[in-house]
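What the coordinates show
Given next are the chains, with one letter for each unit.
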Amino acid sequence: MGFGKDFIWGTATASYQIEGAYNEDGKGLNCWDVYAGIGGNIKFNETGAVACDHYHHMKEDVALMKELGTKAYRFSISWTRILPDGTGKVNEKGLKFYSDLVDELISNGIEPMITLYHWDYPIALHDKGGWLNKESSEWFLEYTKVVVDALSDRVSYWITINEPQCELGCGYQVGVHAPFEKHIPRDLLIMGSNIILSHGKAADYIRKNAKKTPKIGYAPIGPCAIPSDDTAEAIEEARQKTFAVNGEGFPFSISYWSDPIFLGEYPKELLDTFGDLVPKFTDEEWAVIKTPLDFYGTNIYYAQEGRKEGEYSDIYFQGKMMTNIGWPLTPEVLYWAPKFYYERYGKPVFITENGMASHDWVSLDGKVHDTYRIDYLNRYLREYKRAADDGVELLGYMQWSLMDNYEWSHGYTQRFGLVYVDYPTQKRTIKDSGYWYKKVIETNGEEL
Ligand code: GCO
């Protein structure tokens with residue numbers, strides 16, 4: 001059976017990780033602009049101030065996508081490029097950049113897929129309390145309106161929020177992402193409910209107002225577990241671990257973020273743990289939160305076992321296959337997670353990110369021989385295809401990432417791209433994996 005004939009092959013990026021031009025053409029500052037370079041939180045205190053300078057290399061980068069034969073491109077919009085203060089005055093130059101990008105994609109036969117929010121929160125709104133502020137979902141709606149009104153005549157695919165787990169968990173619980181804060185569960189539950197409501201208001205607005213019939217999703221990540229063997233008990237145990245709330249670890253869970261949206265309720269385990277600390281939504285709020293989505297978008301890199309990284313386990317024992325960033329190779333996760341999500345949430349699955357960091361460089365022959373990435377993608381895509389063979393509806397696969405970029409707290413030390421970026425010169429070189437991916441796309445994955 002394999003992948004369907006309309007299966008969407010693409011690549012993904014995010015605004016702060018590639019754009020640079022952090023203060024050009026009227027762009028306002030976001031939390032990463034302000035906090036990344038100070039405080040020693042980021043490897044070598046590096047920032048995305050220049051990154052891949054995509055803001056000035058946009059056409060060249062779209063040409064690379066075309067060369068790779070990709071059919072779609074998932075990118076995120078920098079909120080403060082559009083609304084420098086988060087709300088209020090619109091920056092037309094910022095809007096034009098994305099409008100031009102959309103036109104450039106379409107004229108090269110590449111479907112644009114917009115992520116509204118990939119972690120670059122406006123500093124002006126952060127100073128008003130950010131996600132803790134009751135108004136925050138209205139701010140998000142205001143921003144969504146500007147983008148949707150300007151681009152939905154040409155864009156069909158919309159993703160509201162990328163990895164709410166990392167937004168809340170990394171940014172406000174463990175403090176490893178900007179703004180590097182550590183809050184108690186009460187506050188985290190308030191922020192989380194405002195994020196969920198922001199998603200809902202955005203999805204509702206897109207559904208009712210987009211000019212082209214929209215396909216709307218969301219891109220959570222989460223602790224996908226894989227069964228230790230193929231017995232029914234092991235499969236059930238993996239399913240339960242995958243959807244467990246895990247007490248105070250709730251910001252990193254799947255069900256906390258997905259059950260309200262796809263099932264219309266908070267997970268029971270969350271309510272049992274936190275009782276009245278969980279903010280209540282009104283009926284009107286539940287109605288927008290439950291806005292039906294078209295797919296279950298998700299970023300998947302590796303399976304977890306609910307144990308800490310580095311601890312002994314089947315997945316993390318010393319010497320196990322690992323990528324440069326220290327994540328284990330667990331290709332079966334691309335079989336099991338889509339299957340579990342499909343069963344629980346009943347939506348077609350769209351892998352909105354998957355890929356690996358490796359230690360690439362340009363060889364003496366001028367090429368980048370990243371055989372490890374080819375092997376990684378081959379292993380993962382075979383498993384994803386197995387899910388299709390087993391009847392899981394799959395819409396597409398967005399490889400992370402089009403090009404090497406700023407990897408958050410790791411600065412520039414991790415290269416995830418199909419295209420190598422020499423940062424000092426901004427020269428791009430398609431890696432061997434890029435040419436390999438091109439063949440996979442041409443054959444719709446038949447030869448995997
Ligand atoms: C993520 C991200 C990307 C990362 C990628 C590799 O959502 O974590 O969406 O921004 O760069 O996942 O870590």
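Residues numbered from 1 in each chain as written. Predicted model: local features only at pLDDT ≥ 70, side-chain atom pairs only at ≥ 80, totals over all residues. Heavy atoms only, no water.

**Thoughts on the overall build of the chain**
In terms of helices and strands, the chain carries 16 helices and ten strands. Here the C-alpha atoms of the chain give a radius of gyration of 20 Å, agreeing with the 22 Å that 2.2 N^0.38 yields for 448 residues. Oriented by its inertia axes, the alpha-carbon framework of the chain measures out at about 60 × 60 × 45 Å. By sequence separation, contacts in the chain at least 24 residues apart represent 76% of the contacts at least 6 residues apart. Surface accessibility of the chain: about 17,300 Å² in total, with carbon and sulfur atoms responsible for 50%. For the chain, the distance from the average site of its 46 positive side-chain charges to the average site of its 65 negative ones is 3 Å. (Helix = DSSP H or I, 4+ residues; strand = E, 2+ residues; numbered from the N terminus. Rg over C-alpha atoms; globule rule 2.2 N^0.38 Å. Contact = heavy atoms within 4.5 Å. Areas by Shrake-Rupley, 256 points an atom, 1.4 Å probe, with all protein chains shown as cover. Lys, Arg positive; Asp, Glu negative; His and termini not counted. Charge placed at Lys NZ, Arg CZ, Asp CG, Glu CD.)

**Looking at the site of the ligand**
Surrounding the ligand, one finds 13 residues, the nearest of these being Q17, E163, E353, E407 and W408. Within the contact set of the ligand, an oxygen atom lies 2.8 Å away from a side-chain nitrogen or oxygen of Y301. W408 places a polar side-chain atom, nitrogen or oxygen, 2.8 Å from an oxygen atom of the ligand. Its free accessible area being 310 Å², the ligand has 96% of it covered by the protein chains. The class makeup of the residues in the shell around the ligand is six nonpolar, four polar and three charged. (Near = heavy atom within 4 Å. Polar contact = N/O pair within 3.5 Å; in protein donor to acceptor, adjacent residues only side chain to side chain. Nonpolar A, V, L, I, M, F, W, Y, C, P; charged D, E, K, R; others polar.)

**A few points about the sheet that holds strand β7 (residues 349-354)**
Spatial ordering of the open sheet is given by β5-β4-β3-β2-β1-β8-β7-β6, a layout of eight strands whose pairing is parallel. A strand with exactly one partner marks an edge of an open sheet, and here the two such strands are β5 (215-219) and β6 (296-299). The average angle at which neighbouring strand axes cross in this sheet is 25 degrees, direction not considered. The sheet contact formed by strand β3 (residues 111-117) and strand β4 (residues 157-162) spans four bridges and is parallel. Residue pairing across strands places I114 opposite W158, the latter belonging to β4. The sheet contacts of helix α7 (residues 136-151) involve β3 and β4, and relative to β3 the element is tilted by about 165 degrees. (Pairing = 2+ DSSP bridges. Axes fitted to C-alpha atoms, helices over the stretch in contact; angles between N-to-C directions.)

**Quick notes on the packing of helix α10 (residues 232-243) against helix α14 (residues 333-345)**
α14 packs onto α10 with a crossing angle of 75 degrees between their chain directions and a minimal axis gap of 11 Å. Between α10 and α14, the angle is such that the two are roughly perpendicular. In contact with I235, A238, R239, T242 and F243 of α10, α14 contributes W336, F340, Y341, E343, R344 and Y345. Grouping the amino acids of the contact of α10 with α14 by side-chain chemistry returns seven nonpolar, one polar and three charged. (Parallel < 35°, antiparallel > 145°, perpendicular 65-115°, else oblique.)

**Some points on the state of the cysteines**
Overall, the coordinates contain zero disulfides when judged by the stated rule. Free of any disulfide, C52 has its nearest cysteine sulfur in C166, 19 Å distant. Taking relative accessible area as the criterion, C52 reaches 0% and is therefore assigned buried. Unpaired in this structure, C170 has its nearest cysteine sulfur neighbour in C166, at a distance of 3.8 Å. The buried category is assigned to C170, whose relative accessible area is 9%. (Disulfide = S-S within 2.5 Å. Buried < 20%, exposed > 50% of the residue type's maximum accessible area, 1.4 Å probe, protein only.)

**Observations concerning the pattern of salt bridges**
Here the structure, examined in full by the defined rule, presents 27 salt bridges. The closest approach of N and O atoms between D153 and R154, which form a salt bridge, is 3.1 Å. Given the relative accessible area of 39%, D153 is considered partly exposed. Of the residues examined, R154 reaches a relative accessible area of 18% and is grouped as buried. The shortest N-O distance in the salt bridge between D259 and R344 comes to 2.8 Å. (Salt bridge = Lys/Arg side-chain N within 4 Å of Asp/Glu carboxyl O.)

**Considerations on helix α5 (residues 92-107)**
Taking 1.5 Å as the rise per residue, α5 with 16 residues should run 22 Å; its terminal C-alpha atoms sit 22 Å apart, in good agreement. Once α5 finishes, G109 follows within two positions and takes phi at roughly 75 degrees, a positive value. (Expected span 1.5 Å × (residues − 1).)

**Points about the nonpolar core**
Y384 and Y397 are the most contacted members of the largest nonpolar core, which totals 151 residues. Excluding residues within four positions of it along the chain, Y384 makes contact with F3, F7, L334, P338, V349, F350, I351, L394, G396 and Y397. (Core = buried A, V, L, I, M, F, W, Y, C linked by side-chain atoms within 4.5 Å.)

**A closer look at the packing of aromatic side chains**
Under the definition given, this model contains 56 aromatic pairs. Members of the aromatic cluster, joined through ring pairs, are Y16, W32, W119, F180, Y406, W408, Y412 and Y423. Looking at K43, its charged tip hangs above the ring of F44, at a distance of 5.7 Å from the centre. The ring of Y335 has R386 lying over it, and the distance from NZ or CZ to the ring centre is 3.8 Å. (Phe/Tyr/Trp six-rings, centres within 6.5 Å; stacked < 30°, edge-to-face > 60°. Lys NZ or Arg CZ within 6 Å of the ring centre and 35° of its normal.)

**Focus: the side chain of T429**
For T429, the position within the fold is in strand β10 (residues 427-430). With residues near it in sequence (within four places) discarded, T429 still touches G366, V368, L418, V419 and Y420.

**Digging into the confidence of the model for the chain**
Model confidence for the chain is summarised by a mean pLDDT of 96, while 97% of its residues fall at 70 or above. Per-residue pLDDT, averaged within each element of the chain, yields its smallest value for α10 (92) and its largest for strand β2 (residues 72-76) (99). (pLDDT = per-residue confidence, 0-100.)

**Things to note about unusual backbone geometry**
The step from A178 to P179 runs through a cis peptide bond, and the omega angle for that step is 10 degrees. One can find P179 in the loop between α8 (164-173) and α9 (185-209). Despite not being glycine, F180 shows a phi value in the positive range, around 60 degrees. Relative to the helices and strands, F180 resides in the loop between α8 and α9. Its relative accessible area of 15% is what places F180 among the buried residues.

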